[in-house]
Amino acid sequence: MDHKIITGFSSACIHAGHKQDPMYSHLTPIYASSTFVYDTAEQGMLRFEGKEEGYIYSRWGNPNFTEAELKISALEAFGLTGDNGKPLELKGILHASGMAALTTLFLGTLKAGDKIITHFSLYGGTEELFQKILPGLGIEAVIVDMHNLKETEDAIKAHPDAKMMYLETPANPTLQCVDLEELISIAREHKLITAVDNTFATPYLQQPFAFGADFVFHSTTKYLNGHGTAIGGIIIGKDIQLMEGKMMKTHRLLGGNSNPFDAYLLTQGIKTLEVRMERHCHNAMEVANFLESHPAVSKVNYLGLSSHPDFAIASKQMKHPGAMMSFELKGGLEAGKQFINRLKMCTKAVSLGTCDTLVSHPASMTHYGVPKATREQYGITDGLIRMSVGMESITDIINDLDQALQ
Ligand SMILES: *Cc1c(COP(=O)(O)O)cnc(C)c1O
């Protein structure tokens, strides 16, 4: 196929990164092979030197990884232009998990003595990496409220050894958003590299490279896979030399590679990204409106509601407000547990981005062991319900929630 024919996002979701299989299999087969053969010693040499394209060993690369990497890179670059005026070129490296990709990102770009400027609301695993692992290597996170641009710039000035600005927007699980355009511009002025966790938005809703980001990160476990069938992560960069050099070296030596089966599942999942996100977001808006007018609910946190404090930032940088939300039950802990137990269709599980609606009650599940006072500092109150709105028929989702709220 001639890829120049691709002008629409969904066409890129479906076709980008695909290469005709030599055996004429429609889909790229699962290349379950640890190593790859060469015809001659000379060919082996050329491949090791990177002078001939070809695979060597699956920790280093595999056709299934390549297809997913090219596809996600094409989506993050979709419609964007690079500094040279040509279509933006990106390079992605697929990993075994989001956390493995983050490890490569930080260890490939930072060294002892460097600091990371970041927002106070981040995915729990990322925060723990900042608090429990990186300090031991001499890398420290400086936490600021990035809603305040002046405070952010002051923090950069106060820390001359700040090397990276790390952003996550919308953030997991609080749904806080920070302004990509303003913050990346501040970071660039002060020569900081910028990395953005785009997991909640996906490239369909938000493209951080449009604002000048250096790296984009995804936990592909969520919306990119879309079906909850595999854990995975990716880092994507626009400095191709850096990605193919230092970042690839770091990745290969840390060994957090994906595997052919998970990469295959991811590739199939991404093909429906646009239609899934449209449906997810449409359903989420309906659910938010339903919950907002329900007498048992005291508060709904959804980026599509003007009552959300980051409504304006989300509207500015995202195509739709996504499909994650949380809401507060008036009845507290007991009401939260009862609500979960009464659900008949929605799935009781943590994680997000799957076809089915996932509902969790942090106070009795993920944050059960956290003291109440600490929990509440993070906004996790007794009656808080967290929801990843799925793609089921909207009437059924609302009916299930309605009967569980009785
Ligand atoms: C899930 C998640 C991660 C971590 O990814 P894993 O695939 O679970 O390793 C990082 N950031 C965000 C926003 C996430 O939701």
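In the annotation of an unreviewed UniProt entry, the entry for the protein chain reads Cystathionine gamma-synthase, and the organism field reads Chitinophaga caeni. Its UniProt record gives the protein chain a comment under Sequence similarities (unreviewed entry), which states: "Belongs to the trans-sulfuration enzymes family." According to its UniProt record, the protein chain has this under Cofactor (unreviewed entry): "pyridoxal 5'-phosphate".

Engineer: Lay out unusual backbone geometry with the relevant residues and their values.
Structural biologist: Geometrically, the link from Thr169 to Pro170 is a cis peptide bond, its omega value of -10° lying close to zero. By secondary structure assignment, the location of Pro170 is in the loop between strand E4 (162-168) and helix H7 (180-189). The omega torsion of the bond from Asn172 to Pro173 falls at 0°, within 30 degrees of zero and hence cis. By secondary structure assignment, the location of Pro173 is in the loop between E4 and H7.

Engineer: How would you summarise the UniProt feature "modified residue: N6-(pyridoxal phosphate)lysine" (unreviewed entry) in the protein chain if you had to cite specific residues and measurements?
Structural biologist: When the UniProt feature table is mapped to this numbering, "modified residue: N6-(pyridoxal phosphate)lysine" (unreviewed entry) covers Lys222. Using a relative accessible area of 10% as the deciding quantity, one classes Lys222 as buried. Discounting chain neighbours no more than four positions away, the residues touching Lys222 are Thr199, Ser351, Leu352 and Gly353.

Engineer: Just give me the short version of the site of the ligand, but keep the residues and values in it.
Structural biologist: Neighbouring the ligand are 14 residues; Asn172, Asp197, Ser219, Thr221 and Lys222 lie closest to it. At 2.8 Å from an oxygen atom of the ligand is found a side-chain nitrogen or oxygen belonging to Ser219. Thr221 is positioned with one of its side-chain polar atoms (N or O) 2.7 Å from an oxygen atom of the ligand. Here the ligand, which alone exposes 380 Å², has 93% of that area covered by the protein.

Engineer: Give a description of the packing of helix H4 (residues 98-109) against helix H9 (residues 240-254) that names residues and reports values.
Structural biologist: Relative to each other, H4 and H9 sit at 125°, their axes nearing to 9 Å. For the element pair H4 / H9, the angle class is oblique. Seen from above, H4 lies across H9 with right-handed handedness. For the pair H4 and H9, contact is made by Thr103, Thr104, Leu105, Leu107, Gly108 and Thr109 and by Lys246, Met247, Thr250, His251 and Leu254, respectively. In terms of residue class, the contact of H4 with H9 is built from four nonpolar, six polar and one charged.

Engineer: Tell me about the packing of aromatic side chains, and please be specific about residues and values.
Structural biologist: Overall, the coordinates contain eight aromatic pairs when judged by the stated rule. Here the aromatic rings of Phe130 and Tyr166 are separated by 5.7 Å at their centres, their planes lie at 85°, and the arrangement is edge-to-face. Of this pair, Phe130 sits in helix H5 (residues 124-133) while Tyr166 is found in strand E4, placing the two residues 36 residues apart along the sequence. For Phe130, a relative accessible area of 4% gives the class buried. For Tyr166, a relative accessible area of 0% translates into the label buried. With centroids separated by 5.7 Å and ring planes inclined at 85°, the aromatic side chains of Phe327 and Phe339 adopt a geometry described as edge-to-face. On the criterion of sequence distance, the pair formed by Phe327 in strand E9 (residues 324-329) and Phe339 in helix H13 (residues 332-342) is long-range, its members being twelve residues apart. Side by side, Phe327 and Phe339 carry an identical accessibility label, which is buried. Members of the aromatic cluster, connected to one another through ring pairs, are Phe9, Phe78 and Tyr204. Sitting above the plane of the Tyr123 ring, Lys222 keeps its charged end 5.3 Å from the centroid.

Engineer: Help me get a handle on the sheet that holds E9, residues and values and all.
Structural biologist: One key point about sheets: their strands pair by backbone hydrogen bonds, in either a parallel or an antiparallel sense. One open sheet holds the five strands; their spatial order is E8-E9-E12-E11-E10, and the pairing between them is mixed. In this open sheet, the two strands that pair with only one neighbour each are strand E8 (297-301) and strand E10 (347-348). Sheet contacts for helix H11 (residues 273-292): E8, E9 and strand E12 (384-388); angle to E9, the most-contacted strand, approximately 10°. Packed onto the sheet, H13 meets E9, E10, strand E11 (358-360) and E12 and runs at close to 125° relative to E9.

Engineer: Help me get a handle on the sheet that holds strand E1 (residues 91-95), residues and values and all.
Structural biologist: Judged by pairing direction, the sheet is mixed, and its seven strands sit side by side in the order E1-E7-E6-E5-E4-E2-E3 without closing on themselves. This sheet does not close on itself; its edge strands, each paired only once, are E1 and strand E3 (140-144). Sheet twist, expressed as the mean angle between neighbouring strand axes with direction ignored, is 20°. Judged from the three bridges that link them, strand E5 (residues 193-197) and strand E6 (residues 215-219) form a sheet pairing that is parallel. In the strand pairing of E6, Val196 is matched with Val216. Packed onto the sheet, H9 meets E1, E6 and strand E7 (233-237) and runs at close to 15° relative to E1.

Engineer: Residue-level account of the packing of H11 against helix H15 (residues 394-404), with values.
Structural biologist: Their axes nearest at 10 Å, the elements H11 and H15 cross at an angle of 30°. In terms of axis orientation, H11 runs roughly parallel to H15. Note on packing geometry: the crossing formed by H11 with H15 is right-handed. Along the contact surface, H11 presents Asn283, Glu286, Val287 and Phe290, while H15 presents Ile394, Ile397, Ile398, Leu401 and Asp402.

Rules used in this analysis
Residues numbered from 1 in each chain as written. Predicted model: local features only at pLDDT ≥ 70, side-chain atom pairs only at ≥ 80, totals over all residues. Heavy atoms only, no water. UniProt positions renumbered as here; feature names shortened; annotations may be inferred. Helix = DSSP H or I, 4+ residues; strand = E, 2+ residues; numbered from the N terminus. Buried < 20%, exposed > 50% of the residue type's maximum accessible area, 1.4 Å probe, protein only. Contact = heavy atoms within 4.5 Å. Near = heavy atom within 4 Å. Polar contact = N/O pair within 3.5 Å; in protein donor to acceptor, adjacent residues only side chain to side chain. Areas by Shrake-Rupley, 256 points an atom, 1.4 Å probe, with all protein chains shown as cover. Axes fitted to C-alpha atoms, helices over the stretch in contact; angles between N-to-C directions. Parallel < 35°, antiparallel > 145°, perpendicular 65-115°, else oblique. Left-handed = near helix turned anticlockwise from the far one by under 90°. Nonpolar A, V, L, I, M, F, W, Y, C, P; charged D, E, K, R; others polar. Phe/Tyr/Trp six-rings, centres within 6.5 Å; stacked < 30°, edge-to-face > 60°. Lys NZ or Arg CZ within 6 Å of the ring centre and 35° of its normal. Pairing = 2+ DSSP bridges.

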